[in-house]
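Here is what each chain is made of, one letter per residue.
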Amino acid sequence: MIPIKPIGMPGQAKSHASGHAENKPSAAAQAALAYLQPGALNLSALPPLSLYIHFPWCVKKCPYCDFNSHEAKGGFPEEEYLAALRADLEAALPLIWGRKVYTIFIGGGTPSLMSAAGLDRLMSDVRSLLPLDGVAEITMEANPGTFEVEKFKSYRNSGINRLSIGIQSFNGRHLQALGRIHDDGEARRAVEIAHQTFDNFNLDLMYALPSQTLEEAQQDVATAIGFAPPHLSLYHLTLEPNTYFAKYPPVVPDDDASAEMQDMISAHTSAAGYGHYEVSAYAQAGRQARHNLNYWEFGDYLGIGAGAHSKLSFPHRVIRQMRYKQPKAYLEHSRLGNVVQEETEIGRDDLGFEFMLNALRLNKGFEVNLFSERTGLAINTIEKSLNQAEAKGLLYRDHKIIQPTALGQRFLNDLQQMFLLD
């Protein structure tokens, strides 16, 4: 068990009664002590810990986007937000005291709107407050419409060692349909700058776009592979609720055409040496996204910033948190000293499903022992669902590994939902 130490925490009050200072636990430290009390679980070890930092502003809200992003009309309060992020992290320290951080992901919104000085301040704050692993993967999302060579060199010098670039398409007509602020020329230029500045980067593309043909999707994939990125993320466009596309749905390829595109992607990425290791993720050997892998393997993550989510384990319980979503509300509650809007403890009945919901996204599955390590439950608690999934040909398992079959990968939602009953 990793101890959480309430003494000497940031924000701690001191009493000078009896002529000397007496340390008193902060509110966050007292909460941490409560989490250490006996509970329903018995974890043998705490999982790896990641840090997620949310930047909520963008230049323009895309019609398909359901992320917590807000148009930065007239700019955004960078200094105030950076101060709030530091205060957020300081307040959360008692919950992760003594734990090393292995990956960091700065997402949005469009984090590359941040000034070079602002990003440097953020990274300095993180390094001063957290023990980072010596080879920590530190990723920042970036959109092609915000690429500047010198700015990205500064980002690299501040500690960013991986970019995730939201290309979406190299086709100008499709970029316009998606409401992107960049054109096809800027998309190509962004990848060239990434190659010049970073050793490790990811390209995000989407397929099954409005009026997209199989040949156009194939050209996007071929263009992306031609740049030889270490990692590719290829997402099927979905019309999410509460988006412009949900209200005014465009004409998109039908299921059969989408399936053909998916098969084409699998063939082209495989031929180019990319391993398909997760539903939407393809990587060169040894270049898997370590931050995302920690999510899929049910690791822990602390999320700071507007709307950020956390999943944190303690010896006898696993909790989730969510920060206030609207940037204005987040900043207001930061001034009041509490940015956590919701907090829940994951019940024993839900842990098995939550683990499988994530781990089954991995094409090679997971080691059997990982289930008990991350949930504190015996594998036989989901035995009935495992047997049913295996009988339907959706799952393969032996004494070492549990993994979705090719059929299970194709009908992943059905496979995952089988574990909701346990």
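Structural data are supplied above this passage.
Cut-offs applied
- Residues numbered from 1 in each chain as written.
- Predicted model: local features only at pLDDT ≥ 70, side-chain atom pairs only at ≥ 80, totals over all residues.
- Heavy atoms only, no water.
- Pairing = 2+ DSSP bridges.
- Helix = DSSP H or I, 4+ residues; strand = E, 2+ residues; numbered from the N terminus.
- Contact = heavy atoms within 4.5 Å.
- Axes fitted to C-alpha atoms, helices over the stretch in contact; angles between N-to-C directions.
- Buried < 20%, exposed > 50% of the residue type's maximum accessible area, 1.4 Å probe, protein only.

S.K.: Describe the sheet that holds strand S18 (residues 395-397), with residues and values.
M.R.: Note: strands within a sheet are paired through backbone hydrogen bonds, in either parallel or antiparallel orientation. The sheet built from three strands is open, its strands ordered S17-S19-S18 with antiparallel pairing. Strand pairing shows two members of the sheet lacking a second neighbour, strand S17 (366-367) and S18, which therefore form its edges. Strand direction decides the pairing type here: S18 and strand S19 (residues 401-404), joined by three bridges, are antiparallel. Counterpart to Leu395 in the pairing with S19 is Pro404. The strands touched by helix H14 (residues 383-391) within the sheet are S18 and S19, with S18 carrying the most contacts at an inclination of about 115°.

S.K.: Give a description of the side chain of Thr223 that names residues and reports values.
M.R.: Structurally, Thr223 can be placed in helix H7 (residues 214-226). According to the relative accessible area criterion, Thr223 is buried, its value standing at 14%. Among residues more than four places away in sequence, those in contact with Thr223 are Phe170 and Arg188.

S.K.: Help me get a handle on the environment of Pro47, residues and values and all.
M.R.: Tracing the chain through its elements places Pro47 in the loop between helix H1 (27-35) and strand S3 (49-55). Owing to a relative accessible area of 7%, Pro47 belongs among the buried residues under this scheme. Considering only alpha carbons, one finds Pro47 and Arg99, 52 residues apart in sequence, at a separation of 9.7 Å. Ignoring anything within four residues of it in the chain, the contact list for Pro47 reads Arg99, Phe298, Gly299, Asp300, Lys311, Ser313 and Arg374.

Function cannot be inferred from these measures alone, as they are strictly geometric.
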